[in-house]
Amino acid sequence: MDAVEYQAKVEALAEDILTDKQLSVDYDRKRQENREALRILREQSQKAKPNSTQSTTAVNMGDFFIQLPLPKALKMMEDAQSELDKAIADVRQRLKAKVKLLGELEGDERIASVAKAMDLKSVSGQELYGISRK
């Protein structure tokens, strides 16, 4: 691989990394907005009386609003929240792999060590409980 191809590959990978980073930020912003909406819907559902007009809410679906029962709106928002969580996890995994590849391509030990640190897995609650019991 000549220098021009190598540089083009590194630049394309770096651009992919920046794009994924921005995508992660955008997804996180959406997740935060969704979390706020969920909190408000939960508060409304606790205050609303069953089978009353208060047990419905208006939900924005693109360019228009739809009147939905609170339980259905809550379910839709919770499903959207879990989809966002999965999308964020997927983007982060792709980002880790791309950073690791970039470190290998550039031969930079600092990037390689960061990529190695990003491969660490968090301790689950059950594992933590087992550690504290010893």
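Reading the values: rules and limits
- Residues numbered from 1 in each chain as written.
- Predicted model: local features only at pLDDT ≥ 70, side-chain atom pairs only at ≥ 80, totals over all residues.
- Heavy atoms only, no water.
- Salt bridge = Lys/Arg side-chain N within 4 Å of Asp/Glu carboxyl O.
- Helix = DSSP H or I, 4+ residues; strand = E, 2+ residues; numbered from the N terminus.
- Pairing = 2+ DSSP bridges.
- Expected span 1.5 Å × (residues − 1).
- Core = buried A, V, L, I, M, F, W, Y, C linked by side-chain atoms within 4.5 Å.
- Buried < 20%, exposed > 50% of the residue type's maximum accessible area, 1.4 Å probe, protein only.
- Contact = heavy atoms within 4.5 Å.
- Patch = residues over 30% accessible without salt bridge, like charges linked within 9 Å, V, L, I, M, F, W, Y side chains within 5 Å.
- Areas by Shrake-Rupley, 256 points an atom, 1.4 Å probe, with all protein chains shown as cover.
- Lys, Arg positive; Asp, Glu negative; His and termini not counted.
- Charge placed at Lys NZ, Arg CZ, Asp CG, Glu CD.
- Axes fitted to C-alpha atoms, helices over the stretch in contact; angles between N-to-C directions.
- Parallel < 35°, antiparallel > 145°, perpendicular 65-115°, else oblique.
- Left-handed = near helix turned anticlockwise from the far one by under 90°.
- Nonpolar A, V, L, I, M, F, W, Y, C, P; charged D, E, K, R; others polar.
- pLDDT = per-residue confidence, 0-100.

Asks: What am I meant to see in the pattern of salt bridges here?
Replies: Overall, the coordinates contain 9 salt bridges when judged by the stated rule. Taking the shortest distance from any N to any O, the salt bridge between Asp 26 and Arg 29 comes out at 3.5 Å. Taken together, the residues span about one helical turn, with Asp 26 and Arg 29 both in helix α1 (residues 3–47) at a distance of 3 residues. A salt bridge links Glu 78 to Arg 42, with the shortest nitrogen-to-oxygen separation between them at 3.0 Å.

Asks: Before we go on, may I ask you to explain the pairing of strand β1 (residues 56–61) in this structure?
Replies: Looking along a regular strand, one sees side chains alternate from face to face of the sheet. Bridge count between β1 and strand β2 (residues 64–69): 6 bridges; the pairing is antiparallel. Across the sheet, residue Thr 57 finds its bridge partner in β2, namely Leu 68. The turn linking β1 back onto β2 is made up of 2 residues, and Gly 62 within it adopts a positive phi angle of 80 degrees.

Asks: Looking at this model, I keep getting lost on helix α2 (residues 70–106). Mind explaining?
Replies: Each full turn of the α-helix corresponds to 3.6 residues, which orients residues three or four apart in the same direction. Taking 1.5 Å as the rise per residue, α2 with 37 residues should run 54 Å; its terminal C-alpha atoms sit 53 Å apart, in good agreement. Positioned one or two residues after α2, Gly 107 has a phi angle of 70 degrees, which is positive.

Asks: Explain the nonpolar core here, please?
Replies: The nonpolar side chains of a soluble globular protein tend to be buried, and buried together. Core analysis: the biggest nonpolar cluster contains 9 residues, these being Leu 38, Leu 41, Ala 48, Val 59, Leu 68, Leu 70, Ala 73, Leu 74 and Met 77. Those elements that place two or more of their residues in this core are α1 and α2. Broken down by element, the residue count for this core peaks at 4 residues, all from α2. Not counting residues up to four positions away in its chain, the partners in contact with Val 59 are Phe 64, Phe 65, Ile 66, Leu 68 and Ala 73. Counting 7 residues, the second largest nonpolar core, distinct from the first, contains Val 10, Leu 13, Leu 95 and Val 99.

Asks: Can you help me understand a negative patch on the surface in this one?
Replies: On the surface, Glu 11, Glu 15, Asp 16 and Glu 106 cluster together to form a negatively charged patch. Ranked by residue count, the leading element in the negative patch is α1, at 3 residues. Mapped onto the elements, Glu 106 comes out in helix α2.

Asks: Looking at this model, I keep getting lost on the packing of α1 against α2. Mind explaining?
Replies: Packed helices, taken two at a time, are described by their axes: the angle between them and the distance between them. Look at α1 against α2: their axes get within 8 Å of each other, and the N-to-C directions meet at 160 degrees. If you check the angle between α1 and α2, you find them roughly antiparallel. For α1 against α2, the interelement crossing comes out left-handed. Looking at side-chain class alone, the contact of α1 with α2 contains 23 nonpolar, 5 polar and 15 charged residues.

Asks: Whenever I open this one, the confidence of the model for the protein chain confuses me. Can you help?
Replies: Detail in the predicted coordinates should be disregarded across regions flagged by low pLDDT. Residue-level pLDDT values for the protein chain average 85, and 88% of them are 70 or greater. Least confident of the elements in the protein chain is helix α3 (residues 109–118), whose mean pLDDT is 71; most confident is α1, at 92.

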